[in-house]
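# Commentary on secondary and tertiary structure
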Amino acid sequence: MSFHASVLTLYPDMFPGTLDQSLAGRALENGVWKLDVTQIRDFASGKHKNVDDTPAGGGAGMVLRADVLGRAIDAVSPADDPRPRLLMSPRGKPLDQERVRALTDGPGVVIVCGRFEGVDQRVIDQRQLEEVSIGDYILSGGEVAAQVVLDAIIRLLPGVMGNDTSGESESFETGLLEHPHYTRPAEWEGHSIPDVLVSGNHGKIEQWRRDQAEKLTKQRRPDLIAALDKKKQS
Ligand code: SAH
């Protein structure tokens, strides 16, 4: 059974977007995953088909209505849908590789793309939406964020990456950032490739890569080192 992604958005034309190219695009074509995209506005009622309204209590911007979004979610993902329902949101838990892996193991995902100031809290609570952030900055909408989440998932689905082991040493998979890479030409603008990488000594190459990964992570992401130490202790 293929991984089933359902996206709810006010901008369905933004999909599949980047996901119909390269690895994800080929996987979509091959049926490794499937995508359906739902226009939230189709579930609005009245002559004007309003999807948003002014915030209760006043203030700037507009809020996505609970009744409209609730109907859209129910149409795509009934109460017994086993798939997690994500809401793209800067207030959510920042996405990490561990969460991506866990999502990959499931039957699929339902993703709600927010717009405006955000969505009515009642629909988040009543439809058990898990708020997920892709980083500490504000996007204009959840569509690009949803594609980030799906891209990260799809590349891990069985058969998508050509070389199945190429994921294993990747940044975050080991708890460290990845070592630097080099390729031909051997000499470029007077700079050569580190000797050890052309030595043919695989033990030494592995050791060098591990050392580099550790050094880089210590410099750039001391938080990852601290997390690794904590994991080792427990
Ligand atoms: N007023 C909100 C920001 C709204 S941005 C706040 O201050 O928290 C509009 C929509 O873009 C959000 O509903 C969300 O779906 C999406 N979005 C913006 N930044 C995001 C981020 N860092 N991660 C995931 N989704 C984001």
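All values reported here derive from a predicted model rather than from experimental measurement. (Residues numbered from 1 in each chain as written. Predicted model: local features only at pLDDT ≥ 70, side-chain atom pairs only at ≥ 80, totals over all residues. Heavy atoms only, no water.)

## Brief notes about the overall build of the protein
- Along the backbone of the protein there are seven helices and 10 strands.
- Going through the 234 residues of the protein one by one, you find that 38% of them count as buried.
- Accessible area of the protein: about 14100 Å², with a carbon and sulfur share of 51%.
- In the protein, which carries 28 positive and 35 negative side-chain charges, the distance between the mean positions of the two groups comes to 2 Å. (Helix = DSSP H or I, 4+ residues; strand = E, 2+ residues; numbered from the N terminus. Buried < 20%, exposed > 50% of the residue type's maximum accessible area, 1.4 Å probe, protein only. Areas by Shrake-Rupley, 256 points an atom, 1.4 Å probe, with all protein chains shown as cover. Lys, Arg positive; Asp, Glu negative; His and termini not counted. Charge placed at Lys NZ, Arg CZ, Asp CG, Glu CD.)

## With respect to helix 1 (residues 22-29)
- For helix 1, the full list of buried residues reads Ala-24, Gly-25 and Ala-27. The buried side chains of helix 1 occupy one side of the element, clustering within an arc of 165 degrees when seen end-on. Seen from the buried face of helix 1, the exposed residues on the opposite side, beyond 90 degrees, are Ser-22 and Glu-29.
- Lining the buried residues of helix 1 we find strand 2 (33-39) and helix 5 (143-154).
- Gly-31, located one to two residues past helix 1, shows a positive phi value of around 80 degrees. (Arc of directions from axis to C-beta. Contact = heavy atoms within 4.5 Å.)

## Here's the deal with the site of the ligand
- Around the ligand, a shell composed of 20 residues is seen, among which Met-88, Gly-114, Glu-117, Gly-135 and Tyr-137 lie nearest.
- Between the ligand and the protein, one listed contact pairs an oxygen atom with a backbone N or O atom of Met-88 at 2.6 Å.
- Between the ligand and Leu-139 there is a distance of 3.0 Å, counted from a nitrogen atom to a backbone nitrogen or oxygen.
- Coverage of the ligand by the protein chains reaches 85% of its 560 Å² of free accessible surface. (Near = heavy atom within 4 Å. Polar contact = N/O pair within 3.5 Å; in protein donor to acceptor, adjacent residues only side chain to side chain.)

## Quick word on the domain arrangement of the protein
- Domain annotation for the protein reports domain 1 (3-154) and domain 2 (187-233).
- A C-alpha centroid distance of 37 Å is found between domain 1 and domain 2. (Domains from an automatic or database assignment.)

## Let's talk about the sheet that holds strand 8 (residues 130-133)
- Read across the open sheet, the five strands follow the order 2-1-6-5-8; overall the sheet is parallel. A strand with exactly one partner marks an edge of an open sheet, and here the two such strands are strand 2 and strand 8. With strand direction ignored, the average angle separating the axes of adjacent strands in the sheet is 35 degrees.
- Pairing between strand 5 (residues 85-94) and strand 6 (residues 108-112): three bridges, direction parallel. Across the sheet, Leu-87 pairs through a bridge with Val-112, a residue of strand 6.
- With respect to the sheet, helix 2 (residues 66-76) is in contact with strand 1 (3-9), strand 2, strand 5 and strand 6, its orientation differing from that of strand 1 by roughly 160 degrees. (Pairing = 2+ DSSP bridges. Axes fitted to C-alpha atoms, helices over the stretch in contact; angles between N-to-C directions.)

## A look at the environment of Val-198
- Among the structural elements, Val-198 can be located in the loop between strand 10 (191-192) and helix 6 (202-220).
- Expressed as a C-alpha distance, the spacing of Val-198 and Ala-227, which sit 29 residues apart in the sequence, is 33 Å.

## Some details on helix 3 (residues 97-104)
- When helix 3 is considered as a whole, its buried residues turn out to be Gln-97, Val-100, Leu-103 and Thr-104. Buried residues in helix 3, looked at end-on, bunch into an arc of 120 degrees, giving them a common side.
- Close packing links the buried residues of helix 3 with strand 1, strand 5, strand 6 and helix 5.

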